[in-house]
Amino acid sequence: MKEKSLLLIKPDAVRNKHIGHIITILEENDFHFCALKLFRFDRELAENFYAEHRGKDFYENLLNFMMSDFTVAIIVQKENAVQELRDLIGDVNPAIRKPGTIRYLYAEGITENAVHASDSVISAKREIGIIFKTEDTERKD
Ligand code: CDP
Ligand code: MG
């Protein structure tokens, strides 16, 4: 089934000029793009987006990182997009990231890890709603 997922190119990867490299990887892996934007998280938006992590020891550090520079958000579409994109970004734990994954290539650490991808179809819907709010994100073709 064709699914949508949300990919974020996080502030470290934007700063390090990896937007183009990461978009190329998505294209090479046959993800179609439904919508794309460049924006900067403020605290309210970051708290909403990462609500599930509120109270964890890394939470404040994560929020500060996400607010530190611009982010690129891309709605992607493909068969099994959620799982395929999770596989393509690689694990949050640097010790077990597979070579060839986006985080293996471009992450700087555990927090500054280059990209985000939704972890379920329900999360994808929620996250797309938070980042794209009122925009029309349907492809007509
Ligand atoms: O991003 P992902 O879904 O793979 O991992 P997560 O466990 O949902 O964590 C969300 C984000 O919090 C990660 O991508 C990291 O940027 C950050 N994090 C962190 O700074 N320290 C940790 N121990 C775990 C996550
Ligand atoms: Mg997560």
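Structure shown above.
Residues numbered from 1 in each chain as written. Chains lettered and ligands numbered in written order. Predicted model: local features only at pLDDT ≥ 70, side-chain atom pairs only at ≥ 80, totals over all residues. Heavy atoms only, no water.

Here we look at the overall build of the protein chain
How we decide: Numbering goes from the N terminus for both helices and strands, where a helix is a DSSP run of H or I of at least four residues and a strand is a run of E of at least two. Each radius of gyration is computed over the set of C-alpha atoms, and the globule rule expresses the reference value as 2.2 Å times the number of residues to the power 0.38. The buried label applies to any residue whose accessible area, calculated with a 1.4 Å probe on protein chains only, is under 20% of its type's maximum; exposed applies above 50%, and partly exposed to all values in between. We call two residues contacting when some pair of their heavy atoms lies within 4.5 Å.
Across its full length, the protein chain carries 7 helices and 4 strands. Taken against the 2.2 N^0.38 rule, which gives 14 Å for 141 residues, the C-alpha radius of gyration of the protein chain at 14 Å falls within 12% of a compact globule. Looking at the 141 residues of the protein chain, the share that counts as buried comes to 47%. For the protein chain, the proportion of contacts with a sequence separation of at least 24, taken over those separated by at least 6, is 76%.

Comments concerning the pattern of salt bridges
Rules: Here, a salt bridge means any Lys or Arg side-chain nitrogen found within 4 Å of an Asp or Glu carboxyl oxygen.
With the rule as written, the count across this model stands at 4 salt bridges. When the shortest N-O distance is used, the salt bridge between Arg15 and Asp69 registers 3.6 Å. Within this pair, whereas Arg15 is found in helix 1 (residues 11–15), its partner Asp69 is found in the loop between helix 4 (59–66) and strand 3 (71–79), the two being separated by 54 residues in sequence. The class for Arg15 is partly exposed, based on a relative accessible area of 36%. For Asp69, a relative accessible area of 19% puts it in the buried group. A salt bridge links Glu60 to Arg43; the nearest nitrogen and oxygen atoms lie 2.9 Å apart. You can see Glu60 sitting in helix 4 and its partner Arg43 sitting in helix 3 (residues 43–49), a full 17 residues away along the chain.

What to know about the site of ligand 1
Which entries qualify depends on this criterion: Near is defined per residue: the residue qualifies when any heavy atom it owns lies within 4 Å of the molecule or strand. N or O atoms closer than or at 3.5 Å make up a polar contact, with two conditions inside protein: a donor-capable atom paired with an acceptor-capable one, and, for residues adjacent in sequence, both atoms drawn from side chains. Computed with the Shrake-Rupley method and a 1.4 Å probe, the accessible areas treat only the protein chains shown as cover for residues. Residue classes follow a fixed rule: Ala, Val, Leu, Ile, Met, Phe, Trp, Tyr, Cys and Pro count as nonpolar, while Asp, Glu, Lys and Arg count as charged, and any other residue, Gly among them, counts as polar.
The environment of ligand 1 is formed by Lys10, Tyr50, His53, Phe58, Leu62, Arg86, Val92, Arg103, Ile110, Thr111 and Asn113. Contact distances for ligand 1 include 2.9 Å between an oxygen atom and a side-chain N or O atom of Arg86. Compared with its free state, where it exposes 510 Å², ligand 1 has 82% of that area covered by protein. Partitioning the shell around ligand 1 into residue classes produces 5 nonpolar, 3 polar and 3 charged.

Looking at the packing of aromatic side chains
Here a ring pair, both rings aromatic, is described through the centre-centre distance and the interplanar angle of the planes. The criterion, for reference: Classification of ring pairs rests on two measures: the distance between centres of Phe, Tyr or Trp rings, Trp counted by its six-membered ring, which must be within 6.5 Å, and the angle between planes, read as stacked under 30 degrees, edge-to-face over 60 and tilted in between. Whether a charge lies above a ring is judged from NZ of Lys or CZ of Arg, which has to be within 6 Å of the ring centre and within 35 degrees of the ring normal.
Enumeration according to the criterion identifies 3 aromatic pairs in this entry. Their ring planes at 80 degrees and their centres at 5.1 Å tell us that Phe49 and Tyr50 sit as a pair that is edge-to-face. Residue classification places Phe49 among the buried positions, given a relative accessible area of 1%. Classification of Tyr50 by relative accessible area gives buried; the value is 6%. Through a chain of ring-to-ring contacts, the aromatic side chains of Phe39, Phe41, Phe49 and Tyr50 assemble into a single cluster. Positioned over the ring face of Phe39 is Lys37, at 5.7 Å from the centre of the ring. Taking NZ or CZ as reference, Lys78 lies 4.8 Å from the ring centre of Phe31, over its face.

A few points about the sheet that holds strand 1 (residues 2–9)
Whether parallel or antiparallel, the strands of a sheet pair through hydrogen bonds between backbone atoms. Cut-off, in case you're wondering: DSSP bridges decide pairing: two strands pair if at least two such bridges lie between them. Angles shown run from 0 to 180 degrees and are taken between the N-to-C directions of axes, each axis being a line fitted to C-alpha atoms and, for helices, limited to the stretch in contact.
The antiparallel open sheet is built from 4 strands, whose spatial order is 2-3-1-4. Looking along the sheet, the strands with just one partner apiece sit at the ends: strand 2 (32–39) and strand 4 (115–117). Going from strand to strand, the sheet's axes swing by 20 degrees on average, the running direction of each strand aside. Across 7 bridges, strand 2 lies against strand 3 in antiparallel orientation. Along strand 3, the bridge assignment pairs Ala35 with Ile75.

Keep in mind these numbers describe shape, not what the thing actually does.
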